[in-house]
Amino acid sequence: NAGVMQNPRHLVRRRGQEARLRCSPMKGHSHVYWYRQLPEEGLKFMVYLQKENIIDESGMPKERFSAEFPKEGPSILRIQQVVRGDSAAYFCASSPPDGGYYGYTFGSGTRLTVV
Amino acid sequence: KQEVTQIPAALSVPEGENLVLNCSFTDSAIYNLQWFRQDPGKGLTSLLLIQSSQREQTSGRLNASLDKSSGRSTLYIAASQPGDSATYLCAVYTGFQKLVFGTGTRLLVSP
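Residues numbered from 1 in each chain as written. Chains lettered and ligands numbered in written order. Predicted model: local features only at pLDDT ≥ 70, side-chain atom pairs only at ≥ 80, totals over all residues. Heavy atoms only, no water.

Next up on the list: the packing of aromatic side chains. Tallying each qualifying case throughout the model produces 10 aromatic pairs over all chains. Measuring from centroid to centroid gives 5.1 Å for Y104(A) and Y93(B), while their planes differ by 90 degrees, and the two rings are edge-to-face. Separated into two different chains, Y104(A) in the loop between strand 9 (88-95) and strand 10 (105-106) and Y93(B) in strand 9 (residues 86-95) make up a pair that spans both. Judged by its relative accessible area of 3%, Y104(A) is buried. Among the aromatic residues, those joined into a ring-pair cluster are Y33(A), Y35(A), F45(A), Y48(A), Y104(A), F106(A), F36(B), Y93(B) and F101(B). (Phe/Tyr/Trp six-rings, centres within 6.5 Å; stacked < 30°, edge-to-face > 60°. Helix = DSSP H or I, 4+ residues; strand = E, 2+ residues; numbered from the N terminus. Buried < 20%, exposed > 50% of the residue type's maximum accessible area, 1.4 Å probe, protein only.)

To continue, consider the sheet that holds strand 8 (residues 75-79) of chain A. Two modes of strand pairing occur in sheets, parallel and antiparallel, and in both the strands are linked by backbone hydrogen bonds. Residue and element names in this part refer to chain A. An order of 1-3-8-7 is seen for the four strands of this open sheet, with the pairing classed as antiparallel. A strand with exactly one partner marks an edge of an open sheet, and here the two such strands are strand 1 (5-7) and strand 7 (65-68). Mean inter-strand twist for the sheet, computed between neighbouring axes without regard to direction, equals 15 degrees. Examined bridge by bridge, strand 1 and strand 3 (residues 19-24) share three bridges and lie antiparallel to one another. Bridged to M5 within strand 3 is S24. (Pairing = 2+ DSSP bridges. Axes fitted to C-alpha atoms, helices over the stretch in contact; angles between N-to-C directions.)

This is the structure in structure tokens:
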């Protein structure tokens, strides 16, 4: 039973390019969460999705960031026109429908570097 | 707004010591609390989950306690080993769908 799979593990983008981060939840998990860890800062909630629905995006920056979790395939976090301040580790977590009752399972993260 | 604080921010101990990591949160209306371990450049490994109706959980050399009324949790590590060196993160569930993390305690255990 594979855990939460994130890819790529490392991603380098030049300023102004687009970054696409992928997350495949654990088998049987229908809820996906994205968190961001800026250098020397704690992890911060970004967005919570269920299949084909964004449930809570209160932590997403208002511009350039979007997330989706289609009926088929992984969840995607998309960052358009990246800037240096987007450099961070992006972690995805998944859970069954009862959310955090049994705790989230996190992936290994994608480390985005903007040059 | 829920805020989670971890003390100390960093800790260096010789191998074999028993140690306590502290976590405090400002709003006692939490659901669950989870302790994670993060190794440099790696992901988060869940250590212990304390559900809201529980007061403590144990796994091997680790024991975590939760006192919701006082807004505190402690992670106790017995007989520390160099392999325990990592950053330890405390996180509270403000609902079943959102985690608020502390900034972590960076632990170094020397041989």
